[in-house]
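# Examination of the molecular architecture
What follows is the residue order along each chain.
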Amino acid sequence: MHVNKKFCRACRTNILFSPPLRFGAVFLWDTGSSVGDITGHNKVINSVDIKQTRPYRLVTGSDDNCSAFFEGPPFKFKFTVSDHSRFVNCVRFSPDGNRFATASADGQIFLYDGKTGEKVGQLGAGKAHDGGVYAISWNADGTQLLSASGDKTAKIWDVAANSAVTTFALGTDTLDQQLGCLWQRDYLLSVSLSGYINYLDKNNPSRPLRVVKGHNKSIQCMTVHNLDGRSTIYTGSHDGHVNIFDAATGENDAFSGKGHTNQVSSMAMDSSNHLVTCSMDDTVRYTDIIGKAYSPQDAIKLDVQPKSLGVGSNGYTVLVNSSQIVLLKDKKKVFVVDSLDYEPESVAVHKGSGIVAVGGVDGNIHLYSIQGNTLKDEGKSLPVKAVVTSLAYSNDGAFLAATDANRVVTVFSVADGYAEKDKFYGHHAKVVCVAWSPDNEHFASGGMDMMVFVWTLSDPDKRIKMPDTHRLHHVTALAWLDEHTLATVSHDACVKQWTVTYK
């Protein structure tokens, strides 16, 4: 159940409404004492606002196409306003409390007296927008109103003149519909259906000052690429979106064109400056990071939904799914291993030797070698004793780290024939990701216990514990920007950077 709140600083009052419940409650925020009931609606309440000046008033908007007006405290229902013909999406009092506005899916915005609730006007000739109006926000002195609409525009209204003084055209795609807006001092912002946040420019309505293009779905994978002294973070999310973050400034962007249509499960950077991604849409893509554009020619269709990928040298990529190991060379599928007696779960490729390590649900790491356009089973497996959730070779290729469902990180020495070097304990739940520091002496692991550990290879007892790196969600992937900077992502759709100091 989603709970929404609105708070009145002046009278210390909270209004609580709980979709899909058909009622609300008004209470004092500091004591929890009831100061009224919300009645008058027979469908979900979408929006609520409290007049911030005396005499206090409260207004709600609902899916029953009505607004309800209340006086208080204690707040009591006075009457219902039925001017709209479709859902009332947003209600807002002006800062001085003299008026309130209601916005609806019918494209209309009505104005009312803030004290009595009487209708005093309507914005626009017939309709304020050609599409539904999803949000409105007043400026500081209550003379102008910002509105956001499904017609892919936002507008500034001169309330006294009843005219739109500025119209912001924010695109032509379905994802450019405007679902939210905020007027905060000199800043005007709107939120698109895509999840992008637009900083609106009154002096140039045709182009926002800035567009923040972060994720709005859980992030599943990440990789970091260093080019010309700058670190760039690439992230892939549950909805198929891939985002590009400048690690130094936080500026972000997305690839142009049509990309993945389902969850991006794994990604890595190859030596040709291509971002290699695999997705639950049964494709693997090679995207040029310089051109920042998807290419239909660089998408390879797979027979089975991929789980994980590893990138080697000389144009090799290895993918695993529930029943196969797939070898790609120069963006072409060249070999498939499908007669397996185990289920693959994770994969890593040693860029020097061409050895492919495949982690299995059977609790073993199976080794293969790339020989031309084929994969040869080396007949060697490394016991881990639990589902191998992720694998990573150190940057110098000397060690292989494996995480498992039994809360352990195991490191193998490549030069010693993949002999076990050490086990690292500390996680309280399944470990799901691992990444090596550029110094090859430290590596980080993330688990479903919402903890990240930074380990020291030469001393398993020397560790840095990072609890609650992403509150309420576990880390899904991590990567190092440099020896002292670690990036993490999670189901909370956030990218975080951490400074790591060794003592």
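See above for the structure.
Below or above, wherever it landed, is the structure these notes cover.

The rules we used
Residues numbered from 1 in each chain as written. Predicted model: local features only at pLDDT ≥ 70, side-chain atom pairs only at ≥ 80, totals over all residues. Heavy atoms only, no water. Helix = DSSP H or I, 4+ residues; strand = E, 2+ residues; numbered from the N terminus. Buried < 20%, exposed > 50% of the residue type's maximum accessible area, 1.4 Å probe, protein only. Contact = heavy atoms within 4.5 Å. Lys, Arg positive; Asp, Glu negative; His and termini not counted. Charge placed at Lys NZ, Arg CZ, Asp CG, Glu CD. Salt bridge = Lys/Arg side-chain N within 4 Å of Asp/Glu carboxyl O. Pairing = 2+ DSSP bridges. Axes fitted to C-alpha atoms, helices over the stretch in contact; angles between N-to-C directions. Phe/Tyr/Trp six-rings, centres within 6.5 Å; stacked < 30°, edge-to-face > 60°. Lys NZ or Arg CZ within 6 Å of the ring centre and 35° of its normal. Core = buried A, V, L, I, M, F, W, Y, C linked by side-chain atoms within 4.5 Å. Patch = residues over 30% accessible without salt bridge, like charges linked within 9 Å, V, L, I, M, F, W, Y side chains within 5 Å. Areas by Shrake-Rupley, 256 points an atom, 1.4 Å probe, with all protein chains shown as cover.

## What about the overall build of the protein chain?
The helix and strand tally for the protein chain stands at zero helices and 47 strands. Each of the three principal axes of the protein chain carries a C-alpha extent, and together these read 85 × 50 × 40 Å. Classification of the 503 residues of the protein chain by burial places 54% in the buried group. Residue pairs at least 24 apart in sequence account for 38% of intrachain contacts in the protein chain once pairs closer than 6 positions are excluded. Side chains of the protein chain carry 49 positive and 52 negative charges; the gap between the two charge centres is 7 Å.

## Here's the deal with the pattern of salt bridges
Considering all chains together, one arrives at 12 salt bridges under this definition. One salt bridge in this structure joins D246 and R230, with 2.4 Å as the shortest N-O distance. Within this pair, whereas D246 is found in strand β23 (residues 242-246), its partner R230 is found in strand β22 (residues 230-237), the two being separated by 16 residues in sequence. Ionic pairing is found between K329 and D330, a salt bridge with its closest N-O pair at 2.9 Å. Of the residues examined, D330 reaches a relative accessible area of 47% and is grouped as partly exposed. Shared partners join several salt bridges into a network, and the residues in it are R57, E71 and K78.

## Some thoughts on the side chain of T232
Within the fold, T232 resides in strand β22. Not counting the four nearest positions on each side in its chain, T232 is found in contact with T223, V224, H225, I244 and F245.

## A short note on the sheet that holds strand β12 (residues 119-123)
With antiparallel pairing, four strands are arranged side by side in an open sheet as β9-β10-β11-β12. Each end of this open sheet is capped by a strand with a single partner; those strands are β9 (88-93) and β12. Going across the sheet, the axis of each strand differs from the next one's by a mean of 20 degrees, ignoring polarity. In the sheet, β9 pairs with strand β10 (residues 99-104) via five bridges, with the strands oriented antiparallel. Counterpart to V88 in the pairing with β10 is S104.

## Some thoughts on the packing of aromatic side chains
Scanning the model with the defined rule gives 13 aromatic pairs in all. Ring centres 6.4 Å apart and planes at 10 degrees place the aromatic pair Y234 and F255 in the stacked group. Here Y234, found in strand β22, pairs with F255, found in the loop between β24 (252-254) and β25 (264-269); they are 21 residues apart in sequence, far enough to count as distant. The same class applies to Y234 as to F255, namely buried. An angle of 85 degrees between the planes, with centres 5.0 Å apart, marks the rings of F424 and F443 as edge-to-face. Here F424, found in strand β40 (residues 419-425), pairs with F443, found in strand β42 (residues 442-447); they are 19 residues apart in sequence, far enough to count as distant. Of the two residues examined, F424 and F443, each falls in the buried class. One aromatic cluster is present, formed by F399, F424, W436, F443, F453 and W455 through successive ring pairs. Here K329 stacks its cationic end above the ring of Y316, 5.3 Å away from the centre of that ring.

## Overview of the sheet that holds strand β18 (residues 187-192)
As summarised here, the arrangement of the four strands in space is β17-β18-β19-β20, forming an open sheet in which the pairing is antiparallel. Only two strands of the sheet have a single partner each, and these edge strands are β17 (178-184) and β20 (210-212). Strand-to-strand twist across the sheet, computed as the mean angle between neighbouring axes with direction ignored, equals 20 degrees. Note: strand β19 (residues 197-199) against β20, three bridges, orientation antiparallel. Its bridge partner lying in β20, Y199 is registered against R210.

## Observations regarding unusual backbone geometry
The omega torsion of the bond from R54 to P55 falls at -10 degrees, within 30 degrees of zero and hence cis. Positionally, P55 belongs in the loop between β5 (45-50) and β6 (57-62). Across the junction of G72 and P73, the peptide omega takes the value -10 degrees, indicating a cis bond. If you trace the backbone, P73 turns up in the loop between β7 (67-71) and β8 (76-81). Its identity as a non-glycine residue notwithstanding, N314 has a phi of 60 degrees, on the positive side. Counting through the fold element by element, N314 comes out in the loop between β29 (306-311) and β30 (316-321).

## Let's talk about the side chain of S490
With respect to the helices and strands, the residue S490 is situated in strand β46 (residues 485-490). For S490, a relative accessible area of 0% corresponds to the buried category. Once residues lying within four places of it in the same chain are set aside, the contact partners of S490 are S218, I219, H470, H473, H474, V475 and T476.

## Brief notes about the nonpolar core
Nonpolar side chains in soluble globular proteins tend to be buried together. With 15 residues, the main nonpolar core has I365, L391, Y393, L400, F412 and Y418 as its most contacted residues. If you list the elements that add at least two residues to this core, you get β34 (355-360), β35 (364-371), β37 (388-393) and β38 (399-404). Per-element tally for this core: the top contributor is β37, with three residues.

## Some points on the pairing of β18
Alignment of β17 against β18, held across six bridges, turns out to be antiparallel. Looking at the pairing, L182 lines up with L189 of β18. Counting the residues that bridge the hairpin from β17 to β18 gives two residues, and of these R185 lies at a positive phi of roughly 55 degrees. Both β18 and β19 contribute to a ladder of three bridges, which runs antiparallel.

## With respect to a nonpolar patch on the surface
A contiguous nonpolar surface patch, about 310 Å² in accessible area, is contributed by Y134, L175, L179 and L193. Among the structural elements, Y134 can be located in strand β13 (residues 133-138).

## Quick notes on the environment of L328
One can find L328 in strand β31 (residues 325-329). Between the C-alpha atoms of L328 and T374, which are 46 residues apart in sequence, the distance is 9.5 Å.

## Details of the pairing of strand β14 (residues 144-149)
For β14, a buried count of six out of six residues is recorded, marking the element as mostly surrounded by other parts of the structure. Here β14 shows two buried faces, one formed by Q144, L146 and A148 and the other by L145, S147 and S149. Where β13 folds back on β14, the antiparallel hairpin that results is connected by five residues, among which G142 adopts a positive phi of roughly 75 degrees. Where β14 and strand β15 (residues 153-158) come together, five bridges link them in antiparallel fashion. Residue pairing for β15: L146 is matched across the bridge by I156.

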